[in-house]
Amino acid sequence: MSNSEFKPNSKFDPNAKLADNERLKTQSNFLRGTIEPDLSDPLTGGFNGDNFQLIRFHGMYQQDDRDIRPERTKQKLEPLHNVMLRARMPGGIITPAQWLAIDTFADEKTMYGSIRLTTRQTFQFHGVLKPNIKGMHQMLNSVGIDSIATAGDVNRNVLCTTNPVESELHQEAYEWAKKISEHLLPHTKAYAEIWLNGEKSETTEEPILGSTYLPRKFKTTVVIPPNNEVDVHANDLNFVAIADKGKLIGFNVLVGGGLAMTHGDVETYPRKADDFGFIPLEHTLKIAEHVVSVQRDWGNRVNRKNAKTKYTLDAFGSDAFKAEVEKRAGVQFEASRPYEFTHRGDRFGWVEGIDGKWHLTVFIQNGRILDYPDKTLKTGCRKIAEIHQGDFRMTANQNLIIAGVPAEQKATIEALARQHGLIDDSHTEQRKNSMACVALPTCPLAMAEAERYLPTLIEQVEVLLKKHNVAEDHIILRVVGCPNGCGRAMLAEVGLVGKGPGKYNVYLGGNREGTRIPKLYLENVGEDVYLPALDSLIGQWVSERNNGEGFGDFVIRKGIVAEVKVSKTDFHA
Ligand code: SRM
Ligand code: SF4
């Protein structure tokens, strides 16, 4: 079926009204809309009509600072509209020259002055005012960065296990992440035309994504076991690297993960990805293309809350989806090859790589690179970028690797990192294994604090661990400001999901490897309820756990929460 003939699939009511985003995409002239004239509209700092949504396909979201919104309303001013920009960085690799360019831009042209590392291995600028947007894209382009398709109903930034040191497969896996990212990009030249003053051209088709693009966002990873840092089960499509004698020979393909839900809507749930089987390397792009094309044609375009691949699999059956991918790609999946995930945290400190170069992973709380009074993280990164000969790698845990350092430069880089607080020996394992999404003040969807609350929460959990004599241990703790779950709380041992100011739903029972969805334990509670509850549970864990048993495994074994095996039936049961 050609994409322009797209009709809602028969599985869904063919007469139902399509989601408004479908109209918007159809009428967008391949993502151009009226963004260009809108840029010079002096009446608003924001984007009008459909452009508000269309700029997402170009990697930007319109936002305003929610802390100052009430005051501006009082003064009868429109919200201080600005955009957040999210770059496309397959595998999270950025060169020192690129770093210096984004560092300068963050300082000079953003409201917050920060570089924010995200849970998907890239960076965001927050607070770019309309007059600076075009210049921002041109600056990025001048150093070889773009933000095409990092948001919107497309395949987003492709993740790849970051750590180059533990595996000779890294370079190959990274090359595949880049190839998949390129292969699945929109073909429209709208980005270059609007932001880079590119020559006007006519787009007549989008051969892979379709002229109405995908029903919903789509996420892909390339992962090298045993490290599941990228959290495969948060993603629509995953390529799990399989090697023979240290050489990459193909991938096990996992399809249909995703973590978001809506409070009170049992038709929405976080779901793990299904194992489709093994494919040799040469079929990688074809399989990527056809998992996308089946989701494109079968995904729900009526109800966006049920439009992601995870729901398509549950609506049609995983076997039917897989069979359709095989038919379209002309490739049969083979039996999955064995592999195991054993961890997903970053390995902090120095490690020597297979090429004799050194790699330093530094912890960045919440991924927020900024100069704080006691830690000048941003200046530190800049100073390192000025002398660094390797590259930087952003991890899916919002941390940073200074990669490819020759032995003779280690001491200088380490001294800079220490001087600017990028290495801080006082960070506990608990802190290093906790994560939060952005939430307030920039995220319009936040119901509760996350990034700004996490440091305090960690201190409280550290006190509990110390009280129970396990100060050196940790619990994978993640906080998100709403059930969209950007900080991947739905793969945590303890996940807090914002419900309202100071109120969270508490989920327990994910595991350390990231292969189990946690389950609701407490609903709509504040610290006065969940901290004493955690105190008691940590006490039980410490006194009754099996040797080396993680907190999440313990609460499942003890029946404190039931295990979520099949999300559709178990998650809300
Ligand atoms: Fe997210 C929307 C931030 C990773 C699920 N996410 C948003 C927006 C853009 C809010 C909006 O729509 O206006 C947030 C902007 C906040 C801000 O001010 O920066 C936002 N998401 C983030 C980041 C920056 C969180 C972070 O702290 O690092 C992550 C950026 C990733 C990137 O670089 O591309 C981020 N978002 C995720 C993840 C985790 C992942 O992919 O590993 C998820 C859960 C996995 C999944 O998709 O199932 C996630 N974000 C969502 C959703 C729910 C999607 C759904 O299936 O319903 C939304 C809302 C939406 O799409 O309607 C959302
Ligand atoms: Fe915003 Fe919710 Fe995502 Fe947090 S989880 S960044 S609050 S959309």
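First, a word on scope: everything that follows refers to the structure included in this document. (Residues numbered from 1 in each chain as written. Chains lettered and ligands numbered in written order. Predicted model: local features only at pLDDT ≥ 70, side-chain atom pairs only at ≥ 80, totals over all residues. Heavy atoms only, no water.)

### Overview of the coordination of the iron atom of ligand 1
A lone protein donor contacts the iron atom of ligand 1, and this donor is C486 (SG), found at 2.3 Å. Mapped onto the secondary structure, C486 falls in the loop between β17 (477-480) and β18 (494-500). (Donors = N, O, S within 2.8 Å, 3.2 Å for Na, K, Ca; no water. Helix = DSSP H or I, 4+ residues; strand = E, 2+ residues; numbered from the N terminus.)

### Thoughts on the layout of surface pockets
Estimated volume of the second largest pocket: approximately 510 Å³. Considering the residues around the second largest pocket, the lining is formed by 27 residues, among which Q365, N366, R368, Y372 and P455 are closest to the centre. Here the lining of the second largest pocket takes three residues from helix α15 (residues 454-467), the largest share from any one element. Looking at the lining of the second largest pocket residue by residue, the class counts come to 10 nonpolar, nine polar and eight charged. (1 Å grid on protein atoms, 1.4 Å probe; cavity = no way out; pocket = protein on both sides within 12 Å on 5 of 7 lines; lining within 4 Å. Points joined across faces, edges and corners; volume = space filled by probe spheres on them. Nonpolar A, V, L, I, M, F, W, Y, C, P; charged D, E, K, R; others polar.)

### Section: the site of ligand 1
As a structural note, the neighbourhood of ligand 1 is formed by 31 residues, with T118, H126, T442, C486 and R488 the closest of them. Contact between ligand 1 and T118: an oxygen atom at 2.7 Å from a side-chain N or O atom of the residue. Secondary-structure elements contributing two or more residues to the shell around ligand 1 are β1 (60-63), β2 (82-86) and β5 (123-128). Residue classes in the shell around ligand 1 are distributed as 12 nonpolar, 11 polar and eight charged. (Near = heavy atom within 4 Å. Polar contact = N/O pair within 3.5 Å; in protein donor to acceptor, adjacent residues only side chain to side chain.)

### Some details on the nonpolar core
Among the nonpolar cores identified, the biggest contains 98 residues, and W99, F123, F125, M136, F239, I287 and L400 are the most heavily contacted of them. Of all the elements, helix α9 (residues 284-298) adds the most residues to this core, at six residues. Excluding residues within four positions of it along the chain, F239 makes contact with I180, T220, T221, V222, V223, F251, N252, V253, I279, T284, I287 and A288. Residues Y311, I458, L477 and I538 belong to the second largest nonpolar core, which totals 51 residues. (Core = buried A, V, L, I, M, F, W, Y, C linked by side-chain atoms within 4.5 Å. Buried < 20%, exposed > 50% of the residue type's maximum accessible area, 1.4 Å probe, protein only. Contact = heavy atoms within 4.5 Å.)

### Considering the pairing of β18
Burial analysis of β18 places six of its seven residues in the buried class, the great majority of the element. By the bridge criterion, four bridges tie β17 to β18 in an arrangement that is parallel. In the sheet register, L477 faces β18, and the bridge partner there is V494. When β18 meets strand β19 (residues 503-508), the two strands line up antiparallel, connected through six bridges. Within the sheet, the bridge partner assigned to G495 lies in β19 and is Y507. Hairpin connection between β18 and β19: a loop of two residues separates the two successive antiparallel strands, and G502 in this loop has a positive phi of roughly 70 degrees. (Pairing = 2+ DSSP bridges.)

### Examining empty space enclosed by the protein
Throughout the structure, instances matching the rule amount to three cavities of 30 Å³ or more. Quantified by volume, the largest cavity comes out at close to 110 Å³. In this structure, the largest cavity is lined by R344, G345, D346, N397, N399, K432, N433, S434, M435, I476 and R478. The computed volume of the second largest cavity comes to approximately 60 Å³. Contributing to the lining of the second largest cavity are L31, F57, H58, I148, P186, T188, A190 and Y191.

### Things to note about unusual backbone geometry
P226 follows P225 through a cis peptide bond whose omega is 10 degrees. By the element assignment, P226 lies in the loop between β7 (220-223) and β8 (237-244). Following L440, the chain continues to P441 via a peptide bond in cis, the omega torsion being 10 degrees. Position of P441 relative to the elements: it lies in the loop between β16 (434-436) and α15. Phi angles above zero are rare outside glycine, and D231 is one such case at about 55 degrees. By secondary structure assignment, the location of D231 is in the loop between β7 and β8.

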